[in-house]
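Residue-level structural notes
One letter stands for each residue in the lines below.
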Amino acid sequence: MKISAWLRISSVTLCALALLACGASTTAPLSASALDAKKAGANKTTGSESAPSDSAAARRGSPDALVAFPTPIPVTEQDPSWGSPSAPVTIVEFTDLQCPFCGRGHATLKTIEEEYGPEKIRVILKHYPLPFHNKARPAAVVGAAIFQSFGRDAFWRYIDACFEKLGSQNLSEILADLNLDSERLRPIVESGESMTKVLSDMTLGERLGVNGTPAFFINGVALSGAQPAEAAEQRSVGGRAV
């Protein structure tokens, strides 16, 4: 199956999860003018990018402005990723590790990864813990510390474990199951470094119009219940901008 067709099917699945997301609607709907604006930025390259220069207040002014500013979503070496930076499709996921719908979305992304591999798909995870999930923010903070201390592979194992076990286990039990030394994480957590990363992700999500989870951006275009799957497919094959 062609990558565009498969992603169209996957986009429908992710959109359905967005409709059932924890919290309020995940992103503002995309209008025709918003899609036109995103097309104009389709050939921008991926990688570490500076934040957009226009003000956050201006972006909150209209639904189009929330999701259609032309600069790529900032991605840095501090962001956990899967796949090659040169992959033609980049999916940025804002997630809550205690959200059941995020767990389903994560499973869908893993299926996409297995189907196409790291040369065609890149996944970026950004934390967006919701206030009514009492374990979500601590889990996100520990996750950021794991990525900093143990690296990418340990981080993704931790994410898988959280979606599977966080409802029934505490974080110390999950870390023990993964053979991750909590004492090695303690200085990073206590220094506030990992909390700073989580808060940065949340601030970016708010700026993009995210107010529930999961929220997905395929090559910079938000997936919400109001967006046609064809628009996501077009962005998937039209350029590599995040």
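Residues numbered from 1 in each chain as written. Predicted model: local features only at pLDDT ≥ 70, side-chain atom pairs only at ≥ 80, totals over all residues. Heavy atoms only, no water.

**What to know about the pairing of strand 6 (residues 215-218)**
The two faces of a sheet get side chains in turn, since along a regular strand they alternate between them. Burial of the side chains of strand 6 extends over both faces: Ala-215 and Phe-217 are buried on one face and Phe-216 and Ile-218 on the other. Inspection of the sheet shows strand 3 (residues 89-95) paired to strand 6 by 4 bridges, in the antiparallel sense. What sits directly across from Glu-93, in strand 6, is Phe-216. In terms of strand pairing, strand 6 meets strand 7 (residues 221-223) through 3 bridges, oriented antiparallel. The partner of Ile-218 across the bridge, within strand 7, is Val-221. Taking the residues that link successive antiparallel strands as the turn, the strand 6-strand 7 hairpin has 2 residues, and the phi of Asn-219 there is positive, at about 50°. (Buried < 20%, exposed > 50% of the residue type's maximum accessible area, 1.4 Å probe, protein only. Helix = DSSP H or I, 4+ residues; strand = E, 2+ residues; numbered from the N terminus. Pairing = 2+ DSSP bridges.)

**Some words on helix 5 (residues 100-116)**
Think of an α-helix as turning once every 3.6 residues; residues three or four places apart then point the same way. If you check helix 5, its first and last C-alpha atoms are 25 Å apart, about what 17 residues at 1.5 Å a residue would give, namely 24 Å. What helix 5 keeps buried is the set Phe-101, Cys-102, Gly-103, Gly-105, His-106, Thr-108, Leu-109, Ile-112, Glu-113 and Tyr-116. One or two residues past the end of helix 5 sits Gly-117, with phi positive at roughly 80°. (Expected span 1.5 Å × (residues − 1).)

Function-wise, these values are silent; they only describe arrangement.
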